[in-house]
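Descriptive structure summary
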Amino acid sequence: MDFDLNDEQRLLKESIERLLADRYDFEARNKFMAKPEGFDRDLWRQYAELGLLGLPFAEKHGGVGGGPVETMIVMEAFGRALALEPFLATVVLGGGVLRHGGSEAQRDAVLPKVADGSLLLGFAHQERQARHDLSDVATTARRDGTGWILDGAKTLVLHGASADKLVVSARVAGDRRDRDGIGLFLVDANAPGVSRRGYQMIDGLRGAEVTLAQVAVGPDAAIGDPGAAFPLIERVVDEAMAALAAEAVGAMAALHELTVDYLKTRKQFGVAIGSFQALQHRAVDMFVHLEQSRSLSMLATMMVQEPDPIERHRAIAAAKVQIGRSGKFIGEQAVQLHGGIGMTMEYKGGHYFKRLTAIGTTFGDADHHLAWLARNGGLIAAA
Amino acid sequence: MDLRFTAEELAFRDEVRAFMRAALPDDIRRKIVDGRHLGKEDIVTWQRILNQKGWAVPHWPVEWGGTGWSPVQQYIFLEEMQQAPAPQPLAFGVSMVGPVIAAFGSEAQKKRYLPRIANLDDWWCQGFSEPGAGSDLASLKTSAKRDGDMWVVNGQKTWTTLAQYADWIFCLVRTDPAAKKQQGISFLLIDMKTKGITVRPIVTIDGGREVNEVFFDDVRVPAENLVGEENKGWDYAKFLLGNERTGIARVGMSKERIRRLKELARMEQSGDRPLIEDERFGAKLAAVEVELKALEMTQLRVVSNEGRRGNRPDPASSILKIKGSEIQQTITELLVEVVGPYALPYQPEYLDDERRNEPPVGPDWGPGLAPTYFNTRKTTIYGGSNEIQKNIIAKAILGF
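From a predicted model like this one, the values you see are computed outputs, not experimental measurements.

**A short note on the overall build of chain B**
Along its length, chain B carries 12 helices and 10 strands. Counting only C-alpha atoms, chain B reaches 75 × 55 × 45 Å along its principal axes. Counting all 400 residues of chain B, 44% fall into the buried class. Partitioning the intrachain contacts of chain B with sequence separation of at least 6 by distance along the chain shows that 72% fall at a separation of at least 24.

Written out as structure tokens, the structure reads:
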């Protein structure tokens, strides 16, 4: 039992925190958000120089061979900084699909370019009717000679408008919600028939609606076995949820600190409002939520490598429930404890609240994961 | 970072688990599972089984019977014991007064008391709270005045758990009325058979007889029964309460209760299906499991940090007290929900081996559930109320 980071991990944590402290004050963030792509390419290159963009990839793919703990460290730092860049979309989701499921040729073609910062990926999976059901895929992939024709509409594709390549899920067989019959395809984002509509989301990150109309791809576009990609999707989404849990912990910790500082400095009735027990106890309730979330974020991080997918998902679902509920509690309380200033766009606190709200919904809210746990025997195994 | 137990820790867990299976008498285990009352004999029997194995007081100094286990091993031991489920060892002896005597007592006191605590030859109770001193413990008024080589004690203690069985009581008493609140308090060991002590039961809302009032009327106590230095009792009390909070999360016990809850929810019907398949009930159950899993990891974080803090109590252990007690309460609420209408019959005699003579109204696992729910409200009050724990976190961690 060991909860400590090793020396290399501590070094990684320090260097990313230093970079973000330098480059990511609140004003800089607002400027990045206002750029056409919603983030700063220059900073993205610096991430690449630090090795962050190849963090989980093998060395032969330009990566550094880091594990889930390294991803946790980086995501937590991004959470603190309220980072806007497409790290989750490109490295964790798109990169994750190729890393685990791509052919050697696909990995060689894509991963080194992701690692050096020259290629962005998008994970085009969510559909309008699917809500939180990962296996609900109506987009189709029809055989055409040796290749495939893709048709359908994808929604809420994280950073989809700036992606160079999209990892698209499409059904090759079966009914709309079947777990079998789903394929994953690597599609050039500018291929004929692909149209994208980008927009800003509530948390300042970017999303895109992606339409695929008669998009023809070659045989080399299929990632893995094109009727049996669902376990790969589940695995990569589990990894993404573990990463989001770490990001949420970073955001919750920073927001909690901001709130405690405010309580200590804001004066009313001639005293700091933090001298009132009602407010102190609220700050403690937030702290308890934060620490419980940190505990399950660590558990989720460790369990992403668990070979049994049900056991893996049990831990991930638990973390998603916890961060969903705790993120909401901490976010709402932070606004309340700040009073009016917490309501303003010009104050950083509200932006943490919005990011936490977005994380709470992404890949299923707390109720969705509670229902899954209830159907699958919960967390405490029978004796 | 590796959150798995090591191979050695897993082997240790298997050893402890096998011992619990083999050594715990089945009738005692059954009583705990069913939520019936344990008698004094049950607790004594179990303590002596532990003592024979050498596991009565793992956390004590080795020369007085400690096992020298790491904090993680001690955690595993407690967790396995709670999951067995075995009786909780009597905390007032092994977790409270024992460590105080071992740390601050004289050699003569150690020799006289510690082996008898480990074997539960002496049943100890705790004389801290008073009618006017609850969360504000330092305002206590029970006095001890020196008269030759005796202390003369006058006053009243309350909420004294299981004092009806007690041979001894450890008390905080005021020995210097002129000193400021926390100074002027001493830590005194008193034989319950001494003339002038009266024990009066307080019946709790569940109908249980667990707590008492204890009155002291010119009770004469030998001077040698003072622990450590005169007027330093508050320091020893803080040491004692700091030890208490880490043991209070009761993760193993809550796991055992959740297993029981699931077993019962599979038996009970709700409409045309077992209650466990009801979506609203299932979501509530899953929610408490998530809380418990998080608490387990938080506790392990605190435990694995223990070695490096030395003897300083970790204020993060207040989180364990808060969440542990809340989770225990939620589980007892769900147990009452499971039994449904059969929570209503009040059948205290069924919970008591000596008074039980006919089958209960409703299922035989029902009578203990509502009383346990009512009784478990105490967990957010005792051991430093959860509001006091929040004060501790606010001050010691958040810096208010």
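**Description of the overall build of chain A**
Counting its secondary structure elements, chain A contains 11 helices and 10 strands. Expected size for 383 residues packed as a compact globule is a radius of gyration near 21 Å; at 21 Å, chain A falls within 12% of this value. In terms of its C-alpha atoms, chain A occupies a principal-axis envelope of roughly 80 × 55 × 40 Å. Among the 383 residues that make up chain A, the fraction classed as buried is 51%. Looking at chain A alone, contacts between residues at least 24 apart form 74% of all its contacts between residues at least 6 apart.

**Observations regarding the interface of chain B and chain A**
At the interface, 33 residues of chain B touch 34 residues of chain A. Within the residue set of the side of chain B that touches chain A, elements represented by two or more residues are helix 8 (251-267), helix 9 (279-309), helix 10 (317-339) and helix 12 (386-396) of chain B. The greatest single-element share of the side of chain B that touches chain A, amounting to 15 residues, is contributed by helix 9 of chain B. Residue composition of the side of chain B that touches chain A, grouped by class: 20 nonpolar, three polar and 10 charged.

**Let's talk about the domain arrangement of chain B**
You can read the domains of chain B as domain 1 (7-89), domain 2 (124-231) and domain 3 (248-396). A breakdown of the residues in the side of domain 2 of chain B that touches domain 3 of chain B according to their chemical character gives one nonpolar, four polar and one charged.

**Structural notes on the confidence of the model for chain B**
For chain B, the mean per-residue pLDDT works out to 94, and 99% of the residues sit at or above 70. As scored by the predictor, the complex reaches a pTM of 0.96 and an ipTM of 0.96.

**As for unusual backbone geometry**
Going from B:A84 to B:P85, the amide bond is cis rather than trans, its omega being -15 degrees. Take B:P85: it is sitting in the loop between helix 4 (71-83) and helix 5 (91-104). Of note, A:L82 is a non-glycine position whose phi angle comes to about 60 degrees, a positive value. Its place among the elements puts A:L82 in the loop between helix 4 (68-81) and helix 5 (87-101).

**Remarks on the domain arrangement of chain A**
Interface size is commonly expressed as the accessible surface area that is lost when the partners come together. Residues and elements named next belong to chain A. Once the domains are mapped, chain A shows domain 1 (7-119), domain 2 (123-227) and domain 3 (231-375). Elements with a contribution of two residues or more to the side of domain 1 that touches domain 2: helix 5 and helix 6 (104-115). Looking at the side of domain 1 that touches domain 2 residue by residue, the classes come out as 11 nonpolar, five polar and one charged.

**Observations regarding the nonpolar core**
The biggest cluster of nonpolar side chains holds 221 residues, and the ones touching the most others in it are A:L150, A:V167, A:F185, A:A245, A:A300, A:A319 and B:L188. Ranked by residues supplied to this core, first place goes to helix 7 (residues 230-265) of chain A with 20 residues. The contacts of A:F185, once residues within four sequence positions are left out, are A:A141, A:W148, A:L150, A:V168, A:A170, A:V217, A:A221, A:A222 and A:I223.

**Re the pairing of strand 7 (residues 209-222) of chain B**
Residue and element names in this part refer to chain B. One ladder, built from seven bridges, connects strand 3 (residues 150-157) with strand 7; its direction is antiparallel. The residue bridging M150 from the neighbouring strand is P222, located in strand 7. Here strand 6 (residues 197-203) pairs with strand 7 via seven bridges, running antiparallel. Its bridge partner lying in strand 7, R200 is registered against E213. What sits between the antiparallel neighbours strand 6 and strand 7 is a turn of five residues, in which G207 has the positive phi angle 90 degrees.

**Quick notes on the packing of helix 9 (residues 309-338) of chain A against helix 10 (residues 348-361) of chain A**
When two helices pack together, you describe them by how their axes are tilted relative to each other and by the distance separating the axes. Residues and elements named next belong to chain A. At a minimum axis distance of 9 Å, the contact between helix 9 and helix 10 shows a crossing angle of 160 degrees. Looking at the two axes, helix 9 sits roughly antiparallel to helix 10. Read as a crossing pair, helix 9 and helix 10 show a hand that is left-handed. Residues I323, G324, G327, K328, I330, G331, A334, V335 and H338 of helix 9 pack against G349, G350, Y352, F353, L356, T357, I359 and G360 of helix 10. Taken together, the residues of the contact of helix 9 with helix 10 break down into eight nonpolar, eight polar and one charged.

**As for the packing of helix 4 of chain B against helix 9 of chain B**
Residue and element names in this part refer to chain B. Put simply, helix 4 and helix 9 touch, their axes get as near as 8 Å, and they point 140 degrees apart. Between helix 4 and helix 9, the angle is such that the two are oblique. For the pair helix 4 and helix 9, the sense of crossing is right-handed. Of helix 9, the residues touching helix 4 (which contributes P71, V72 and Y75) are V303, S304, E306 and G307. Per-class residue counts for the contact of helix 4 with helix 9 are four nonpolar, two polar and one charged.

**So, the environment of B:P313**
Mapped onto the secondary structure, B:P313 falls in the loop between helix 9 and helix 10. Put simply, B:P313 and B:K238 are 75 residues apart on the chain and 9.5 Å apart in space, counted from C-alpha to C-alpha.

Basis of the calculations
Along each chain, the written sequence defines residue order, and numbers are assigned to residues from 1. Labels are handed out in written order, letters beginning with A for the chains and numbers beginning with 1 for the ligands. Only residues with pLDDT of at least 70 are given local features in this predicted model, and only at 80 or more are side-chain atom pairs given and counted; all residues enter the totals for whole chains, interfaces and linings. In this description a helix means any DSSP run of H or I spanning at least four residues, a strand means any run of E spanning at least two, and both kinds are numbered starting from the N terminus. Each residue is classed by its C-beta neighbour count within 10 Å, where at least 20 other C-beta atoms makes it buried, 12 or fewer makes it exposed, and intermediate counts make it partly exposed; the C-beta atoms are placed from backbone geometry. Contact between two residues is assigned when their C-beta atoms, built from the backbone, lie within 7 Å. Only C-alpha atoms enter the radius of gyration, while the globule expectation follows 2.2 Å times N to the 0.38, with N the number of residues. When residues are sorted by character, Ala, Val, Leu, Ile, Met, Phe, Trp, Tyr, Cys and Pro go into the nonpolar class, Asp, Glu, Lys and Arg into the charged class, and all the rest, Gly among them, into the polar class. Each domain's extent was defined by an automatic or database domain assignment. Confidence of the predictor in every single residue is expressed as pLDDT, which spans 0 to 100. In this description, a nonpolar core means buried residues of the types Ala, Val, Leu, Ile, Met, Phe, Trp, Tyr and Cys, linked to one another by C-beta atoms lying within 7 Å. Strand pairing requires that DSSP identify at least two bridges connecting the strands. To obtain an axis, a line is fitted to C-alpha atoms, over the contacting stretch when the element is a helix, and the angle between two such axes runs from 0 to 180 degrees between their N-to-C directions. Roughly parallel refers to an angle under 35 degrees, roughly antiparallel to one over 145, roughly perpendicular to one between 65 and 115, and oblique to any angle outside these ranges. With the far helix as reference, a near helix turned anticlockwise by less than a right angle produces a left-handed crossing, and one turned clockwise produces a right-handed crossing.

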